[in-house]
Amino acid sequence: MKITLLVFVSLFTLICHFSSAQISDSLYNALPEHARPANKQVLSITDKQNILHNANLLRKHEKELEQIALWLKEECTNTINCQLKKSSLAALTAYYFNVAPDSCKKYYRKLATCDDGAQANNLMADAYLGAAETYFYNDLYDTALQASHTSLDYAVRLKDTGLIVNSYDNLSLIHTYLTAYDKGLEYMDKLLAIYPRYKLWDENYVLYLLNKVVIYNRQYTHTKSMQAKLKSLRLIRDVMSHEAHNSKYWFKACYNFLGYLNFLDSNYLSAIQLFDSSMLPAYHDSSRFFGVKNIYSPLYKAISLIKLGRFAEGKKMLEQLDVSRPHRLSMGIRQAAYEALSEAAEAMGNNIQALEYYKKFKLYTDTLDLQEQRIKAYETEQKYNLVKLQNENLKNEQEKQRIKFIGIIAIACLVVAVLLVYLLYRKQQVTRLRERQALSDELDKLEQQKEAEGLKQREEYEQAVSGLRKTISRDIHDEVGSSLAMLPMMINDVKQNTLNPETAALLAGIEAEARSVYTQVREFIYRLHHSARAASYDVCELLENLDLRFGRGTGLQITYEVNKSLVRQYFTVNQHREMYRIIKEAVTNTVKHSNASNIHIDISCNNEYFFFEIADNGKGMQDGSSKGLGLAAIEQRLLALGGKFAIASSINGLRLSGSFPVSQD
């Protein structure tokens, strides 16, 4: 039963709440389209926030706005959602900024307590910017500076040009009112430098130019710097000479500034005329930004009247302006106004009132001095923090450089170590390669020596066998051949002297058989004498095979020019074998090393020598290169034949040539 009752009460409260959270048709129609709620009968928290953000456009609906603010405050108090709380506080700050600045400061502080700084967003940047303006207009300049710097930090992190411009504008204005004119000009120059080019000479741009004029005028007020005055006049002239559809509305501010400069130079009559010009209806349009009510011209006109001795008229104007009203004038202007009121009251014999005005004048003077001291202390603290931050950054940078340097040294040492290990490995590898090459050369040399010795032994053996055969053939020729040659003649003589026909016929047969035996013996002697040829090393057969293997249509073409009959008739077995191997070695070297496309082999002879030439069209031998094993072997074979060997190399190819004697056997 209790649970049912509790649910009923909660539902009733919720229904009452939503039934009250609605707006009138007139307020709904007055809202910009983007801010209108989807359902004007039931407002969401976002709808209420949007309405309060546009409160400056809804002056006629103050009661409804106040009620919406109360609803939002209640929901802001009850919610535990931090982001929702931030947005609600921002909306309340924007609302109270226009209707109750003291409450605005309270909500700004609440909003600041919700700022964890973890993530920059436009909501917090706008809140700090609005709070800075609130503090400024309530003469809390140091707090306004802190809020402006925070807003600028958010804007820079967000890369929002509009917020950066507004933050620079705030900082420039605050420093100007604190007489830090150079700093104010610095921020204003930064603002103008980043202002979008396509928006030049719009109303905001002109406003910033005129704010710069204000800075120059205030600088001239305190320092009497003619340079500041000339720069101010130059800017005013530029603004007034620029042609635009709304440029005449700028004249109000320009005439006001010109009047102020004349006021500072004690040209009060000219100042009054210029102040009157700035208040002409032609330069006023309440629908435009520059059409806002101008309080400065009548105020300084009133002070000018007092300075001219027209005390009653000037005092009346100042009292009507109500300079004590907050959120209208800076402390410096109020100071000047109360000084003029005190002077007028004293001149009119109202000493009590003069004393009251003087006390207010003195109060603002002391307050300004105190604020100036506080801002100087704040700037000193900022400089100290900046230097401290720079020192920390420098230390961090030095530490990074040190770590980087150590890293570079470590990497360099590692590279050197790896390089040394590699060089040592390469040295060992080269040493092993040299040892292997030396061993290989030694083995090749031993093999060549062994082959040369074998060649020599075979040559000596073959010469011995050949000599023995020649001796046997010569002995047979001399001993047996002559006897066999005489035998047919002796049989013929007997046959001629016999009278018996049968005997003669028998002798004729014996004679024929003797002649046949003699012929066979001569052929045997010839074969025995010329048996040095061996069928396994036939130079002509090798050339024919090379011509077939490397003929036309192949990558390497081999041609030859040889008298085959002379080679087969006069080459000894040894010459056949050595020339066979020389030709094979030359062709093998050409295929391996020269990249030739043609080889020509030529063998010729005269009565005493055989000549040969093997030429290719390859790349030849490199300058300074030594003979390889193949060429050395060719030279050894020719020396074994008792011949000579020559090498000719050029860019057109390599030519091997040589000669050896014809055998006389």
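These figures come from a predicted structure and were not determined experimentally.

Here we take up a nonpolar patch on the surface. Nonpolar side chains collect at one region of the surface, where V416, L419, L420, Y422, L423 and Y425 lie side by side and expose about 600 Å² of accessible area between them. Structurally, L423 can be placed in helix α18 (residues 351-497).

Examined against the element boundaries, S297 turns out to sit in helix α15 (residues 296-307). In this view, S297 contacts N256, F275, S278 and M279; residues no more than four positions away in its chain are not counted.

Once that is clear, we can look at the sheet that holds strand β1 (residues 557-562). Across the sheet, which stays open at both edges, the 5 strands sit in the order β1-β2-β3-β5-β4 with mixed pairing between neighbours. One side of each edge strand has no neighbouring strand; the edge strands of this open sheet are β1 and β4 (644-650). In this sheet, adjacent strand axes meet at a mean angle of 10° when their direction is disregarded. Two elements, β1 and strand β2 (residues 598-605), share 6 bridges in a ladder whose sense is parallel. Residue pairing across strands places T559 opposite H600, the latter belonging to β2. Taken strand by strand, helix α20 (residues 539-549) contacts β1 and β2, and its axis lies near 145° from that of β1. Where helix α23 (residues 629-640) meets the sheet, it contacts β3 (609-616), β4 and β5 (653-661), and its direction lies at approximately 150° from that of β4.

Every α-helix winds through 3.6 residues per turn, so residues three or four apart in the chain are directed the same way. The complete set of buried residues in α20 reads V539, C540, L542, L543 and L546. One face of α20 carries all of its buried residues, which in axial projection span an arc of 160°. The outward face of α20, more than 90 degrees from its buried face, is lined by the exposed residues L548 and R549. Against β1, α21 (564-570), α22 (573-593) and β2 lie the buried residues of α20. Where α20 begins, the capping side chain belongs to D538, and its oxygen is found 3.0 Å from the backbone nitrogen of C540.

The next point concerns the packing of aromatic side chains. Scanning all chains against the criterion turns up 16 aromatic pairs. On the basis of an interplanar angle of 75° and a centroid distance of 5.9 Å, the ring pair of Y195 and Y208 is categorised as edge-to-face. Here the residue Y195 occupies a position in the loop between α10 (181-194) and α11 (203-223), and Y208 occupies one in helix α11, the gap between them amounting to 13 residues. Of the two residues, Y195 and Y208, both sit in the buried class. Their ring planes at 20° and their centres at 6.3 Å tell us that F275 and Y300 sit as a pair that is stacked. Of this pair, F275 sits in helix α14 (residues 268-278) while Y300 sits in helix α15, and the two are 25 residues apart along the sequence. The burial state of F275 is the same as that of Y300; both residues are buried. Aromatic ring contacts, followed pair by pair, group Y260, F263, Y268, F275 and Y300 into a single cluster. For the cation-ring pair, K224 lies above Y220, with the distance from its terminal atom to the ring centre recorded as 5.4 Å.

Trans peptide bonds make up the majority, and among non-glycine residues the majority have a negative phi. In the Ramachandran plot, K159 falls in the positive-phi region, its phi being about 55° despite a non-glycine side chain. Within the element layout of this structure, K159 appears in the loop between α8 (141-158) and α9 (161-177). For K224, which is not glycine, the phi dihedral falls at a positive 55°. Along the chain, K224 falls in the loop between α11 and α12 (226-241).

Of all hydrophobic cores here, the largest spans 101 residues; its most connected members are I51, L52, L210, F263, L299, Y300 and L318. Sequence-distant contacts of I51, that is, excluding residues within four places in its chain, are made with I23, L31, L43, L58, L65 and I68. The next biggest cluster of nonpolar side chains, apart from the first, holds 31 residues, and it includes V539, L556, F612 and L631.

Gaps between atoms show up when a probe of the same size as a water molecule is rolled over them. Enumeration according to the criterion identifies 1 cavity of 30 Å³ or more in this entry. What the largest cavity holds in volume is close to 40 Å³. Lining the largest cavity we find A586, T590, I614, A615, D616, L654 and L656. Of all the secondary-structure elements, those providing two or more residues to the lining of the largest cavity are α22, β3 and β5. Here the lining of the largest cavity takes 3 residues from β3, the largest share from any one element.

Let's shift gears to the environment of L566. Locating L566 in the fold gives a position in helix α21. Measuring from C-alpha to C-alpha, the distance between L566 and C605 comes to 8.3 Å, with 39 residues separating the pair along the chain. Those residues in contact with L566, other than ones at most four positions away along the chain, are F571, C605 and F610.

As a further point, take the pattern of salt bridges. One pass over the full model with this rule turns up 16 salt bridges. Among the salt bridges present, the one from D276 reaches K301, with a minimum N-O distance of 2.7 Å. Remark: K301 occurs in helix α15 and D276 occurs in helix α14; sequence separation between them is 25 residues. According to the relative accessible area criterion, D276 is partly exposed, its value standing at 31%. On the accessibility criterion, K301 (16% relative accessible area) is buried. With a closest N to O distance of 4.0 Å, D538 and R568 form a salt bridge.

Where α12 meets helix α13 (residues 251-264), the axes come as close as 10 Å, and the angle between the chain directions of the two elements is 155°. Considering their axes alone, α12 and α13 lie roughly antiparallel with respect to each other. For the element pair α12 and α13, the recorded crossing hand is left-handed. For the pair α12 and α13, contact is made by K229, S232, L233, I236, V239 and M240 and by F251, C254, Y255, F257, L258 and L261, respectively. Looking at the contact of α12 with α13, its residues break down into 10 nonpolar, 1 polar and 1 charged.

The next thing to look at is the pairing of β2. Pairing between β2 and β3: 7 bridges, direction antiparallel. Across the sheet, H600 pairs through a bridge with A615, a residue of β3.

In summary, the side chains of a regular strand alternate between the two faces of the sheet. As paired elements, β3 and β5 share 7 bridges and run antiparallel to each other. Across the sheet, F610 pairs through a bridge with F660, a residue of β5. Both β4 and β5 contribute to a ladder of 7 bridges, which runs antiparallel. When the bridges of β5 are listed, A648 appears paired with R655. The hairpin formed by β4 and β5 contains 2 residues between the paired strands.

What counts, and where the lines are drawn
- Residues numbered from 1 in each chain as written.
- Predicted model: local features only at pLDDT ≥ 70, side-chain atom pairs only at ≥ 80, totals over all residues.
- Heavy atoms only, no water.
- Patch = residues over 30% accessible without salt bridge, like charges linked within 9 Å, V, L, I, M, F, W, Y side chains within 5 Å.
- Areas by Shrake-Rupley, 256 points an atom, 1.4 Å probe, with all protein chains shown as cover.
- Salt bridge = Lys/Arg side-chain N within 4 Å of Asp/Glu carboxyl O.
- Helix = DSSP H or I, 4+ residues; strand = E, 2+ residues; numbered from the N terminus.
- Contact = heavy atoms within 4.5 Å.
- Pairing = 2+ DSSP bridges.
- Axes fitted to C-alpha atoms, helices over the stretch in contact; angles between N-to-C directions.
- Buried < 20%, exposed > 50% of the residue type's maximum accessible area, 1.4 Å probe, protein only.
- Arc of directions from axis to C-beta.
- Polar contact = N/O pair within 3.5 Å; in protein donor to acceptor, adjacent residues only side chain to side chain.
- Phe/Tyr/Trp six-rings, centres within 6.5 Å; stacked < 30°, edge-to-face > 60°.
- Lys NZ or Arg CZ within 6 Å of the ring centre and 35° of its normal.
- Core = buried A, V, L, I, M, F, W, Y, C linked by side-chain atoms within 4.5 Å.
- 1 Å grid on protein atoms, 1.4 Å probe; cavity = no way out; pocket = protein on both sides within 12 Å on 5 of 7 lines; lining within 4 Å.
- Points joined across faces, edges and corners; volume = space filled by probe spheres on them.
- Parallel < 35°, antiparallel > 145°, perpendicular 65-115°, else oblique.
- Left-handed = near helix turned anticlockwise from the far one by under 90°.
- Nonpolar A, V, L, I, M, F, W, Y, C, P; charged D, E, K, R; others polar.

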